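Commentary on secondary and tertiary structure
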Amino acid sequence: MVSDARRFGYQHFRGPEFIDHVNSPVLLYHKIDHPTADVKIRGAFTSPARFLRQMTYLTRKGFEFYSASRIAKFRAETGHYPANGICVTFDDGWKDNYTHAFPVLKKLGIEATIFLVPSCIGLVTDAVTADGEGKREHLSQTDVIEMSEGGIEFGSHGMNHKLFDRIEPVEIEREVSESKTYIENLIQKNCSVFAYPAGFYTDFAREAVQRAGYAAAFSTVYGSNDASDIFSLNRTEILRRDGYPFQFKRKVRSG
């Protein structure tokens, strides 16, 4: 029997040969908050104070901030990223992106992109938390509209955050198309970028995202480093352990 991996064209890029030698200038954050007592895996948390320091550092170093769609367009047109460009992205659409990150982004005039899970908007749920973690609050529709009007770009992270190596093609099609429609109806703007849930994607998923009308798609370290593949762009994840300035500086390209 043909395995699901082969049947769906599953690509899981773990080896260093698939990771850019220079870190991707597209930074990936999740929660801008302190972990609660139930949290066992704390890497996805960046404290509000550290996030402020990191964004202040990038601003003072003279980085030019891009939304995910703008930096992807630049790469598609030139085959490389802007020399001094940086892109700040967030996955999942947590409420703390509004309460803790948005004020910093507004204060410093930073473009950023949030990849939403539409089925979680307005809910307190454990649908996207790690195993064993309690429920957490997601952005509300009002939050999303306010942030969109304030210059934040919104992309899709799948309608229900289902991992594309584990679901059938027909479900992948629904995940990418229904989420796009939902977000566009909510913010009355084009939703042109997609982030694969957990960074995993398949050949079919990549093609489905393209067919749905997205302009680009982002993975994590599992993406290809092929400059021509605008539908599997890598991102550099900023983890809790990157809170110290020297660790953060090592992860971003020097200005």
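What comes next is a walk through the structure. What you are looking at is a predicted structure, and each value in this text was computed from that prediction instead of being measured.

Reading guide: rules and limits
- Residues numbered from 1 in each chain as written.
- Predicted model: local features only at pLDDT ≥ 70, side-chain atom pairs only at ≥ 80, totals over all residues.
- Heavy atoms only, no water.
- Helix = DSSP H or I, 4+ residues; strand = E, 2+ residues; numbered from the N terminus.
- Buried < 20%, exposed > 50% of the residue type's maximum accessible area, 1.4 Å probe, protein only.
- Contact = heavy atoms within 4.5 Å.
- Expected span 1.5 Å × (residues − 1).
- Bend = angle between axes of the 7 residues up to and from the residue.
- Axes fitted to C-alpha atoms, helices over the stretch in contact; angles between N-to-C directions.
- Parallel < 35°, antiparallel > 145°, perpendicular 65-115°, else oblique.
- Left-handed = near helix turned anticlockwise from the far one by under 90°.
- Nonpolar A, V, L, I, M, F, W, Y, C, P; charged D, E, K, R; others polar.
- Salt bridge = Lys/Arg side-chain N within 4 Å of Asp/Glu carboxyl O.
- Core = buried A, V, L, I, M, F, W, Y, C linked by side-chain atoms within 4.5 Å.

Within the chain, the secondary structure is distributed over 8 helices and 14 strands. The 255 residues of the chain split such that 54% are buried. Contacts in the chain between residues far apart in sequence, at least 24 positions, make up 65% of those at least 6 positions apart.

As a further point, take helix H4 (residues 96–108). Structurally, the α-helix is built with 3.6 residues per turn, so residues lying three or four positions apart point the same way. Taking 1.5 Å of rise per residue, 13 residues should cover 18 Å, and H4 covers 18 Å from first to last C-alpha, within 8% of that figure. Along its length, H4 reaches its greatest deviation from straightness, about 40°, at Phe102, and the proline Pro103 lies no more than four positions downstream.

What follows concerns the environment of Phe102. Assignment of secondary structure puts Phe102 in helix H4. In this structure Phe102 comes out as buried when scored by relative accessible area, which is 3%. Sequence separation between Phe102 and Met147 is 45 residues, and the spatial gap between their C-alpha atoms is 7.5 Å. Excluding anything up to four places from it in sequence, Phe102 contacts Asn97, Glu146, Met147, Gly150 and Ile152.

Once that is clear, we can look at the packing of helix H2 (residues 48–60) against H4. It is at 10 Å that the axes of H2 and H4 come closest, and there the two elements cross at 25°. As far as their axial angle goes, H4 and H2 are roughly parallel. Considering the relative orientation of H2 and H4, their crossing is right-handed. Across the interface between the two elements, Pro48, Phe51, Leu52, Met55, Thr56 and Thr59 from H2 touch His100, Ala101, Val104, Leu105 and Leu108 from H4. Taken together, the residues of the contact of H2 with H4 break down into 8 nonpolar, 3 polar and no charged.

It is worth spelling out the pattern of salt bridges at this point. Going through the model one piece at a time under the given rule, you end up with 11 salt bridges. The salt bridge partner of Arg166 is Asp165, with a shortest N-O separation of 4.0 Å. With a relative accessible area of 65%, Arg166 lands in the exposed category. One continuous salt-bridge network, built from bridges that share partners, spans Asp33, Asp96 and Arg136.

Grouped together as the largest cluster of nonpolar side chains are 60 residues, with contacts concentrated most on Tyr29, Leu58, Phe90 and Phe154. Excluding residues within four positions of it along the chain, Leu58 makes contact with Leu27, Phe63, Phe65, Ile86, Phe248 and Val252.

Moving on: the packing of helix H5 (residues 141–149) against helix H6 (residues 169–187). Relative orientation of the contacting elements H5 and H6 amounts to 70°, with a least axis distance of 9 Å. Between H5 and H6, the angle is such that the two are roughly perpendicular. At the point where H5 passes H6, the crossing takes the right-handed sense. Within the contact between the two elements, H5 uses Gln141, Val144, Ile145 and Ser148 and H6 uses Tyr182, Leu186 and Ile187. Tallied by class, residues from the contact of H5 with H6 come to 5 nonpolar, 2 polar and no charged.

Scope: geometric values only; no functional claims are made or implied.
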